[in-house]
Amino acid sequence: MCILLISIIIELIKSPLLRELGGLFINIHLMTTFKDLWLAQKFLDVLDAEWYHTPTPIQEQSIPVALEGKDIFGCAQTGTGKTASFSLPMLQLLDSTHDDSDGRKDRVWIRSLIITPTRELAIQIGENLRKYSRKTNLRTTVIFGGVKQGNQVKILRKWVEILVATPGRLLDLIQQKHINLTRVEVLILDEADRMMDMWFIHDIKKINNHIPKKRQTLFFSATTTDKVMDLAGEFLTDPAKIIVSPASSTVDTIDQSLYTLSKQDKKELLYHIFNTKKITSAVVFTRTKHWANKVEKNLKKVWIKAAALHGNKSQNARQKALNALKTGEIQVLVATDVAARGIDIDMLSHVIIYDVPVEPESYVHRIGRTGRAGETGEALMFCEPGEIKYLKEVTKLIKKDIPLTEDQPFHLDFDTLTREQITEASKKPARGWRGGGWWRQWGRWWDRNRWWGSNPRWGRTRSKSKTSSGDKGGEKWSDNSKFGLRPSSGSSSSKPKNKSKRFGSGGKSGGRQRRD
C-alpha cells in the first residue's frame with residue numbers, strides 16, 4: 001500500500017499541471033539526472049559507465065543553455081564539475097555536425113578551442129574529453145609549454161577537431177603558422193581569473209584576433225571580480241549568466257582547522273600530524289618553490305614518500321609526480337599554487353597549507369583539492385605570527401572563522417604575545433651543525449684566508465720566501481709529512497689546482513667537501 005501511494009505521488013509531481021502550479025507557487029527542481037539535460041544517448045551511456053548519474057548545480061544549469069548555442073558566463077566554487085559543464089554540450093554540438101566525407105583529413109581544421117592556465121589542467125581536460133567522446137569520431141589533442149614542440153606539431157598536422165592549449169605555447173604555434181583557428185566554432189576559457197593572475201591576458205587577446213567573431217563562447221571562472229567581468233564582456237555576446245555559488249564559499253564536506261605556532265615549529269608539527277592522523281594521501285601547499293623542495297626533503301628524511309611540484313620542474317617531472325600521487329606510489333605531493341586550480345585527485349584525504357596564502361582566494365582553491373564530488377576531506381592550515389594579516393584576509397573572504405586546534409604540542413596563543421615575542425616567533429628556523437649557521441660562517445672565512453699563514457692541521461704549509469725561479473707570486477709550497485702526506489721535495493711549485501675544498505687538500509686525502 002505504501003509503495004502504491006509513493007508511486008502515485010511521484011506521478012503527480014511529474015504531471016504537467018503540477019509543473020505549472022509549481023512554477024507559480026513553489027520551486028521544484030525536476031532535473032535530477034543527466035537524462036533530463038537533453039544529452040544524446042551515447043553520452044549518457046558513457047556517463048553511466050563512469051558512474052555519473054546526478055549532475056551538479058553548475059552542470060544542471062549550464063548544459064541545456066550551452067546546447068542551445070548561447071554564450072555562457074559561468075561561476076561556481078572549485079570542485080563542482082565545471083569541466084563536464086562545457087565538455088558535454090560542446091562534444092554533442094560538434095558530433096551532430098561531424099562529417100568525415102569532406103576531405104578534412106588532409107588539412108587541420110580546429111573546430112573547438114579550450115584555453116587553460118596550467119599544463120596539468122590542460123592534460124586533465126584532455127583526458128576527460130577523450131573519455132566522454134570515446135563513442136564519437138572526434139579527435140582531441142593537448143599542447144602546452146615546457147616541452148619541445150616537435151611532437152605537438154606532428155600531431156597537429158593530422159586530423160584534429162578539439163584543441164586544448166595553454167596560452168603561451170598556443171600563441172607561439174599560431175605565429176609559426178602551425179595552427180589555423182579560422183574555423184573555430186566553440187571557444188572555451190576555463191579558469192579565466194587564474195589566467196589573468198598569471199598575466200596571460202595579453203596573450204588571450206592576441207589569440208582572440210585569430211578566431212572568427214561568429215562563434216559560441218563559454219567563459220568559466222571561480223571569481224567574479226571587476227577585471228574578470230570586463231574580460232568576459234570582450235569575449236561574450238549577450239551571455240547567460242550562471243552563478244551557482246559565491247566565489248568565496250568553501251565546500252561544506254571539508255573539515256577545516258587552524259594551527260597557530262612559531263615559524264621554527266612548522267616542520268615538527270608536520271611530523272606530528274603524519275604520526276597522529278590517518279593520512280592516506282595529501283597535498284602540502286607552500287608559498288615558494290624553495291620551501292616546496294625543502295619540505296619534500298624533510299618528509300623523505302622521516303621515510304614519508306613525497307614529491308615536489310612547482311614551476312621550476314620539467315613537465316615530465318611534474319606529470320610524473322602528479323601521477324604518482326594518483327596511483328598511490330607516493331603519499332604526499334608538496335606543491336605551490338600550480339596545483340591549486342582544477343587538478344582532480346580522487347579520494348584525496350588531506351590538504352595541508354604550510355604557509356598562509358598571500359591571496360585569500362588561493363585558500364579556497366587549495367582546500368578545494370579535497371572534498372570533491374561530494375566526498376569528505378580535511379584541510380589543515382599552519383599560521384605563524386607573521387602571517388596573521390593574511391589569515392584575517394582569508395577569514396574575511398570566506399565570512400567565517402576557521403576552527404582553532406589547541407590540542408597540539410606546538411600551540412601558540414597569539415593574543416598573549418608581546419611584540420618582541422611575535423618578532424622572535426616569526427624568525428626563520430636556526431640552521432643545525434650540518435646545515436651551516438656559525439659553522440658555515442667559519443668555513444667561509446677559512447675559504448677566504450686558507451692560503452696565507454701556516455696550519456699543519458690541513459696538510460700544507462705556505463712560506464713567504466721569494467724564489468729565484470721567477471715563479472708567479474714567488475711563493476714556495478710544501479706538504480707536511482707529519483700527517484702522513486707526501487714529503488716536500490724542497491723545490492718551488494705552483495699552487496694546488498683544487499682550492500675549492502673547505503677541508504683537506506682535495507683528491508683522496510680524506511678532505512671534506514664544501515657544502516655551499
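To be clear, the structure that these remarks concern was listed above.
Residues numbered from 1 in each chain as written. Predicted model: local features only at pLDDT ≥ 70, side-chain atom pairs only at ≥ 80, totals over all residues. Heavy atoms only, no water.

(A) Structural view of the overall build of the protein chain. Counting secondary structure elements, the protein chain contains 18 helices and 16 strands. Across the 516 residues that make up the protein chain, the buried fraction comes to 48%. In the protein chain, 72% of the contacts between residues at least 6 apart in sequence involve partners at least 24 apart. As displayed, the protein chain has an accessible area near 27700 Å², and 52% of this comes from carbon and sulfur atoms. (Helix = DSSP H or I, 4+ residues; strand = E, 2+ residues; numbered from the N terminus. Buried < 20%, exposed > 50% of the residue type's maximum accessible area, 1.4 Å probe, protein only. Contact = heavy atoms within 4.5 Å. Areas by Shrake-Rupley, 256 points an atom, 1.4 Å probe, with all protein chains shown as cover.)

(B) Structural context of the sheet that holds strand 4 (residues 162-165). Taken in spatial order, the seven strands of this open sheet run 3-4-2-5-6-1-7, and their pairing is parallel. On the outer flanks of this sheet lie strand 3 (140-143) and strand 7 (240-243), each paired with one strand and no other. Direction aside, neighbouring strands of the sheet carry axes that sit 15° apart on average. Sheet topology places strand 1 (residues 72-75) next to strand 6 (residues 216-221); four bridges connect them, and they run parallel. What sits directly across from Cys-75, in strand 6, is Ser-221. Packed on one face of the sheet, helix 11 (residues 226-235) meets strand 1, strand 5 (186-189), strand 6 and strand 7 and runs near 170° to strand 6. (Pairing = 2+ DSSP bridges. Axes fitted to C-alpha atoms, helices over the stretch in contact; angles between N-to-C directions.)

(C) Highlighting the pairing of strand 10 (residues 306-309). Neither face of strand 10 is open: one carries Ala-306 and Ala-308, the other Ala-307 and Leu-309, and all of them are buried. With four bridges joining them, strand 10 and strand 11 (residues 332-335) adopt parallel strand pairing. Of the residues in strand 11, the one forming a bridge with Ala-307 is Leu-333. The parallel pair strand 10 and strand 11 is bridged by helix 14 (residues 315-327), and the resulting crossover is right-handed. (Right-handed = clockwise from strand over helix to strand, strands pointing away.)

All we've got here are geometric facts, nothing functional implied.
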